[in-house]
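Per-entry structural report
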Amino acid sequence: DVKVTQSSRYLVKRTGEKVFLECVQDMDHENMFWYRQDPGLGLRLIYFSYDVKMKEKGDIPEGYSVSREKKERFSLILESASTNQTSMYLCASSFVPTSYEAFFGQGTRLTVV
Amino acid sequence: AQSVSQHNHHVILSEAASLELGCNYSYGGTVNLFWYVQYPGQHLQLLLKYFSGDPLVKGIKGFEAEFIKSKFSFNLRKPSVQWSDTAEYFCAVNAPSGNTPLVFGKGTRLSVIA
C-alpha cells in the first residue's frame with residue numbers, strides 16, 4: 001500500500017514564523033506535489049518536483065518555497081507565515097508520467113494567528 | 001492552460017436517488033481525466049480515471065463516468081447513492097505527455113440524507 005505521510009495533522013503558528021511542512025512517500029515515486037485546499041476553491045498547486053533537487057512553480061507559489069534533497073521527502077516552507085496562508089495543505093506523489101494515479105497524504109491543517 | 005469546471009457546489013440527495021456530477025475541462029489536446037473523492041476526515045483517493053479507449057469508465061463503489069470528447073465533459077454517475085457516499089468529489093485533468101500535474105476543479109460536496 002502506498003503511503004504518503006505528512007508530519008503533522010494540525011499546526012498553529014504565529015504570523016511571521018518560518019514554517020516547515022514535511023512529506024514522505026514510500027513508493028519510490030519520482031513526482032511529488034504540494035497543493036493547498038480551501039473551501040470553494042478546490043485544490044491549487046503550489047509547487048511540484050519531478051526529481052531530487054528539481055522544482056517547478058505551480059499556480060500559487062508566492063510566499064512558499066520547497067526543498068527536495070532526497071527522493072522520498074518533499075518539504076514545503078512558508079518563509080514568513082501570514083494569516084492568508086491558513087489552509088489545508090496536501091502532499092501527493094506519483095510515478096512518471098503523471099498519467100499514473102497521484103496518491104495523497106492526510107493533509108496538514110495550518111492555522112496562522 | 002488547462003482548467004476544470006464543476007457545475008455544482010453542493011448537492012443534496014436522498015438515499016437511493018441517482019447521482020450525476022458535472023465536470024467540464026478546457027484543454028486543446030489529449031487529456032487524462034480523473035475523479036477523486038474525499039470522505040470526511042480522510043485523504044483524497046482515486047474513484048476512477050480515463051486515459052483512452054472505452055469512454056465509459058467504471059470505478060470503485062459503483063461509480064462510473066463518461067468521457068464525451070465533443071462536449072469536453074467527464075460526468076460522474078451513480079445509479080443509487082448511499083449515506084456513505086457523503087463526501088467531496090473532485091474532477092481533475094492533466095496532459096498525458098511529460099510531467100504535467102493534476103489540475104483540479106473546485107469540488108462538489110455531496111450530502112446524502114436518509
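Residues numbered from 1 in each chain as written. Chains lettered and ligands numbered in written order. Predicted model: local features only at pLDDT ≥ 70, side-chain atom pairs only at ≥ 80, totals over all residues. Heavy atoms only, no water.

1. Quick look at the nonpolar core
The criterion, for reference: Working definition of a nonpolar core: buried Ala, Val, Leu, Ile, Met, Phe, Trp, Tyr and Cys residues. They are joined through side-chain atoms within 4.5 Å. Note on exposure labels: buried denotes an accessible area under 20% of the residue type's maximum, exposed denotes more than 50%, and partly exposed covers the range between, all computed with a 1.4 Å probe on protein chains only. By the criteria applied, helices consist of DSSP H or I runs no shorter than four residues and strands consist of E runs no shorter than two, each listed in order from the N terminus.
In this structure, B:Leu33, B:Trp35, B:Leu47, B:Leu48, B:Phe74, B:Leu76 and B:Tyr89 are the most contacted members of the largest nonpolar core, which totals 28 residues. For this core, the element with the highest residue contribution is strand β10 (residues 87–94) of chain B, accounting for four residues.

2. Some points on the packing of aromatic side chains
How we decide: Pairing of aromatic rings covers Phe, Tyr and Trp, the last counted by its six-membered ring, and requires centre-to-centre distances within 6.5 Å; plane angles under 30 degrees mean stacked, over 60 mean edge-to-face, and any other angle means tilted.
Per the counting criterion, the structure on display carries 15 aromatic pairs over all chains. Aromatic pair A:Tyr35 and A:Phe104: ring centres 6.0 Å apart, planes at 40°, arrangement tilted. Taken as a pair, A:Tyr35 in strand β4 (residues 31–38) and A:Phe104 in strand β10 (residues 103–104) lie far apart in primary sequence, 69 residues in all. What makes A:Tyr35 buried here is its relative accessible area of 2%. By relative accessible area, A:Phe104 is classed as buried at 5%. Through a chain of ring-to-ring contacts, three or more aromatic side chains come together here, namely A:Phe33, A:Tyr35, A:Phe48, A:Phe104, B:Phe34, B:Tyr36, B:Phe51, B:Phe90 and B:Phe104.

3. Points about the layout of surface pockets
Convention followed: Cavity means a closed set of points on a 1 Å grid over the protein atoms alone, one where a 1.4 Å probe fits but cannot get out, pocket means an open set with protein on both sides within 12 Å along at least 5 of 7 lines, and lining means a residue has an atom within 4 Å of a point. Grid points are joined across faces, edges and corners, and a volume is the space filled by probe spheres set on the points. Under the convention adopted here, Pro, Cys and the residues Ala, Val, Leu, Ile, Met, Phe, Trp and Tyr are nonpolar, Asp, Glu, Lys and Arg are charged, and Gly plus all remaining residues are polar.
The calculated volume of the largest pocket comes to roughly 520 Å³. Lining the largest pocket are 29 residues, with A:Gln37, A:Arg109, B:Gln38, B:Gly41 and B:Glu88 positioned closest to its centre. Every element with two or more residues in the lining of the largest pocket is listed here: β4 and β9 (87–94) of chain A together with β10 and β12 (108–113) of chain B. Of the residues belonging to the lining of the largest pocket, the class tally is 10 nonpolar, 13 polar and six charged.

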